[in-house]
Amino acid sequence: MDCASTAWLLLAAVLLSTVACERKSDGAADTTGDIPVGFYGSLTGDGASFGQSSREGAELAVDELNAAGGVLGRKLRLLVEDDQSKPEEASNAVTKLVTQDKVVAVIGEVASRRTLAAAPIAQRYQIPMITPASTNEKVTEVGDYVFRVCFIDPFQGEVLAKFAYNDLKARKVAILRDQSQDYSVGLTDSVAQHFTRLGGQVLPPVSYSSGDADFKAALTRIRSDKPDVLFATGYYSEAAIITRQARELGMKMPILGGDGWVGDALQNGREALNNTYISNHYSGDNPDPIVQNFVSTYKKRFNRDPDAIAALAYDAIKVLADSLTRAQSTNGPKLREAIASADVPGVTGRLKMNAKRNVDKPAVVQEVTYAGGKVTFVYKTTINPG
Amino acid sequence: MDTVLQQLINGLSLGAIYALIALGYTMVYGVLRLINFAHGDVYMLGAFAGYYLANALNLDASPSILGAIVVTLGAMAICGVIGVLIERFAYRPVRHHPRLASLITAIGVSLLLEYGGQVVFGANPRFFPQMIRAEVYSVGGVQITNQNLLIIVVAVIVMFGLEFIVHRTRIGKAMRATSFNLSVAKLMGINTDYVIAFTFALGSALAAAGGVMVALAIPRIDPLMGLMTGLKAFVAAVLGGIGNIPGAMIGGVLIGLLETWLSATAYSTYRDAAAFAVLILILLFRPAGILGSATVEKV
Amino acid sequence: MRVTTKILATAATVGVLLGLNYLFEYGFGDFRINAYYARILNLIGINVILAVSLNLINGLAGQFSIGHAGFMAVGGYSATFVTVYYGRAIAGLLGSSLDDATGAAVVMTISLLTGAAAAALAGLAVGIPSLRLRGDYLAIVTLGFSEIIRVIILNIPAVGGATGFTAAIPITNFFWIFAVAILTIVIVRNIAASTFGRVLATIRGDEIAAEAMGISTTRYKVLAFVISAALAGVAGGLSGQLFANPLNPQNLNFVRSIEIIVMIVIGGIGSISGAVFGATALTILPEALRRLDQQFPGLRMVTYALLLILTMIFRPQGLFGRREVSWAWLRRRGQDRPAAAIK
């Protein structure tokens, strides 16, 4: 037996371990200089559009704060890491941010499955993590250092179910869900649960996968069941095509979706988008100056309308900055305390942390309309939690 | 009853898409015995080429049939060139290496096109301009759009066109000769390099046409769109008999019908796996495919 | 090697590993391991297992499989399932718990063995029908199987579905990863040097001639496949139970399989040292290239792809070819002999 390879591997492991050693005392964070804030997101891969949106929202917020003098008299420095849409890479990125770059807090991620992978790291090293848009319940259950500024799947499902039952008077609904996205699966379960509880009938959900382009088969089957309302709980690119193909098949019933519908490519749906509704974090046409300010500065800088993901990332940074100021420190546990008691007026609503480290904010239901080549979300109603 | 008919139409439309791409796959494999993994990504490039051309011609605001034809031909030309370049710089150097080297290179090219596409085009999906306004025709309880019809018609035309080229022209004869035995074809005076380049150009142009047609019907395009579709089209080609042109058409339609049927049942979640299950079954029981002929390997 | 030398070597190895493991978990005195580097080292170890086990199929046996991620998934999910649903009970039976070293070690052993067995079964199921097929077809079929496995897992809520197996309990540590990595190298090494290895080499050289010589090629190919799959399954079990590293079906897809192939291609298909080198280099490379990604997101993967293509064109045998790193090479160097023979 030639054990040379084994010996080399061991030797390499020992050498690398020695190189990787550091003093235990090398833990204290700087008290002067820029405040490093970590950001991880899917800038490449199949989640890239969300990663890029959230990055833009975060950068906008950081630049605004720095222009106004920074936080605690120091400027914020956003350290951006890409996780390639992979949970394993998300953990790599967050480990690096927390242990190498010594960030004071981490912002991210959008997809719950990546946040769930990386959150334990933040928890272990006692660095607060604020997720802008992960809606899976389990995320904040990871530990008391994990927070979120968006509503959770169960709530959004409740909103949609209530709207369909009470406002649209639907009694029999069909659901088209994206089985490869935990967001869609979670939202589907929640919608089904709440709608049944209200007394309605939910047909067995039909599934597709992200990236699918043809839904005619699934829609035809749904058509034969004659539902009053169709829920499409996936993301915007598929939503656009689903609405188009549904209309092409002669299906005229209202189609409902969640906040995942908000994205440039929804435009694709064109006239098919009429008679569709979504639940959303905020309404771009909300006349509140906070919202309008955000929309115009974002537009000026990035040359397109912001989506909810960008708005949420923006809010996450604002909550962090507010908490840093109140804590008067960048120390992990102290910062955590401050975030846990945050009550900040955000673009996406009032961000008041509750005991579960989620925010109790209402959701809006908007009607989607398409006219003159543009998609507009018209405010319909607000539904409050509880 | 009209649900069944509708699903049939749906399946045919989907199948025609796979068929269009499978035709290119089968042709290249037929001549070179190379599974061109990058074929699906050339399809994607065709869609993007069409996107930029159509926007340059401002066809979204003023749709026109002429414009659509120009865009399609333009995309085909661009991708034909790209196909030739890929062959020249990535596949030709490894042509005489063991076959697995070519396969790995093909995978490399595929990855390069996908992630390169993400870098160059950005990862956000784009929506393809409506060069031809969608119209829905309703016959009995069944709906079909003009774009879907277009895909089916084009696929059939392409199939007959390819058959003609391969079996009735000189270059087609040269292609068939090269596929039998490259070295002997060379000895016979055939410029095999040129024939192979032509094959790639033709295959890539077809993929591009497919890309534009599909982008019309399903307007969302992104750099990763070629991956899954390409793989399923490959399965379709194998199902019909790899190297066999009508086979690719049949294979494509069958896969399309199978996926449609599955989507309509409780097993919709397993739809993605269906194409691969078919592949495995076919290779186990009839590796030559439906229309293929079993070749005996001579020692 | 004589038996006593073997025992001493094994004991020494285990000793070093335990020592390093202690360093990883608790540090020595005022020193500790930087967590980021520790994580990378752990990932290197897992990739070594994957690369070396794939080498058994692709390198030694000369069969082209693109389905390794599927076996990793089957083994990983089975192993994690056992720990999550039965781990506490098992540890309890021994009067211990999962936080206790003994309890964790026993549960880990059972978990990994389950993973290996499940993956081996999958390897059998995939191998028997597929290994009758030729090169490129085998590649596609293995890819197909791995995709089917992925879709099935996606639809099992008990293991997390699309969210991933986040309920996993992190009992993997440096010791386990590197112990298995070294074990993998030893196993594959021994196979390569044995009669079995010679048979595989014959099959790789010319399968028809081998068959004509009376070797039942399918049986040996399947055996190699099963062993390779089992090892990949163990890698999966280790990976899924590493801290903050839950298994996710979306990422156990054929892109992952291709990443492992790139590792052995760069290092040299057929060389174990090459596989180790490739695994190490390609785990470190993406991390080292983070700066690049900041400027142009996606440049990392583009670099990957280019590396693959260029290696195939200019040096298809990879860095090591079929050669291995060995003591003999050092000895030859020391004695200033003329150019060493290529094995």
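Keep in mind it's a predicted model, so treat the numbers as computed, not measured.

Before going further, it helps to examine the overall build of chain C. Secondary structure assignment for chain C yields 14 helices and 1 strand. The C-alpha radius of gyration of chain C comes to 20 Å, within 12% of the 20 Å expected for a compact globule of 343 residues. Its C-alpha atoms give chain C principal-axis dimensions of about 55 × 55 × 50 Å. The 343 residues of chain C split such that 60% are buried. Here the analysis covers contacts within chain C between residues at least 6 apart in sequence; of these, 79% occur between residues at least 24 apart. In the form shown here, chain C has an accessible surface area of approximately 13,500 Å², with 66% of it arising from carbon and sulfur atoms. Where the 25 positive side-chain charges of chain C centre and where its 14 negative ones centre are 8 Å apart.

Another aspect to go through is a nonpolar patch on the surface. A contiguous nonpolar surface patch, about 280 Å² in accessible area, is contributed by Ile250, Leu254, Ile290 and Leu291 of chain B. Tracing the backbone through its elements, the reader meets Ile250 of chain B in helix α10 (residues 245-263).

Next up on the list: helix α7 (residues 182-198) of chain A. All names here are of chain A. Under the 1.5 Å per step criterion, the end-to-end length of α7 is 24 Å for 17 residues, consistent within 8% with the ideal 24 Å. What α7 keeps buried is the set Asp182, Tyr183, Ser184, Val185, Leu187, Thr188, Ser190, Val191, Ala192, His194 and Phe195. Structurally, α7 contributes buried residues whose contacts are with α4 (112-125), α6 (153-167), β7 (172-178), β8 (201-202) and β10 (229-232). Gly199, located one to two residues past α7, shows a positive phi value of around 110°.

In this section: the sheet that holds strand β4 (residues 105-107) of chain A. Residues and elements named next belong to chain A. The strand order across the open sheet formed by 5 strands is β3-β2-β4-β5-β6, and the pairing between neighbours is parallel. On the outer flanks of this sheet lie β3 (76-82) and β6 (146-148), each paired with one strand and no other. Sheet twist, expressed as the mean angle between neighbouring strand axes with direction ignored, is 25°. Here 3 bridges tie strand β5 (residues 129-131) to β6, and the two strands are oriented parallel to one another. Each residue of the ladder has a partner; that of Met129, found in β6, is Val146. The strands touched by helix α2 (residues 48-67) are β2 (35-41) and β3; relative to β3, the strand with the most contacts, the crossing angle is about 170°.

With that settled, the discussion passes to the packing of helix α9 (residues 226-240) of chain B against α10 of chain B. Residues and elements named next belong to chain B. Interhelical geometry of α9 versus α10 gives an angle of 120° and a closest axis separation of 7 Å. Judged on the interaxial angle alone, α10 and α9 are oblique. Crossing geometry of α9 relative to α10 is assigned as right-handed. On the side of α9, the interface is formed by Lys232, Val235, Ala236, Leu239 and Gly240, while α10 contributes Gly247, Gly251, Gly252, Leu254, Ile255 and Glu259. Within the contact of α9 with α10, the residues separate by chemical class into 5 nonpolar, 4 polar and 2 charged.

This part is about the domain arrangement of chain C. All names here are of chain C. What the domain assignment reports for chain C is domain 1 (1-33) and domain 2 (36-254). Using only C-alpha atoms to locate each centre, domain 1 and domain 2 end up separated by 25 Å. With 9 residues of domain 1 at the interface, the matching set in domain 2 holds 8 residues. With both sides pooled, the region where domain 1 packs onto domain 2 buries about 730 Å², and carbon together with sulfur makes up 86% of that total. If you sort the residues of domain 1 by the area they bury against domain 2, Leu17, Asn21 and Phe24 come out on top, with a joint share of 64%. At the surface where domain 1 touches domain 2, the tally comes to 0 salt bridges. There are 1 residue pair in polar contact (both at pLDDT 80 or more) connecting domain 1 and domain 2.

Cut-offs applied
- Residues numbered from 1 in each chain as written.
- Chains lettered and ligands numbered in written order.
- Predicted model: local features only at pLDDT ≥ 70, side-chain atom pairs only at ≥ 80, totals over all residues.
- Heavy atoms only, no water.
- Helix = DSSP H or I, 4+ residues; strand = E, 2+ residues; numbered from the N terminus.
- Rg over C-alpha atoms; globule rule 2.2 N^0.38 Å.
- Buried < 20%, exposed > 50% of the residue type's maximum accessible area, 1.4 Å probe, protein only.
- Contact = heavy atoms within 4.5 Å.
- Areas by Shrake-Rupley, 256 points an atom, 1.4 Å probe, with all protein chains shown as cover.
- Lys, Arg positive; Asp, Glu negative; His and termini not counted.
- Charge placed at Lys NZ, Arg CZ, Asp CG, Glu CD.
- Patch = residues over 30% accessible without salt bridge, like charges linked within 9 Å, V, L, I, M, F, W, Y side chains within 5 Å.
- Salt bridge = Lys/Arg side-chain N within 4 Å of Asp/Glu carboxyl O.
- Expected span 1.5 Å × (residues − 1).
- Pairing = 2+ DSSP bridges.
- Axes fitted to C-alpha atoms, helices over the stretch in contact; angles between N-to-C directions.
- Parallel < 35°, antiparallel > 145°, perpendicular 65-115°, else oblique.
- Left-handed = near helix turned anticlockwise from the far one by under 90°.
- Nonpolar A, V, L, I, M, F, W, Y, C, P; charged D, E, K, R; others polar.
- Domains from an automatic or database assignment.
- Buried area = accessible area lost by both parts, 1.4 Å probe.
- Polar contact = N/O pair within 3.5 Å; in protein donor to acceptor, adjacent residues only side chain to side chain.

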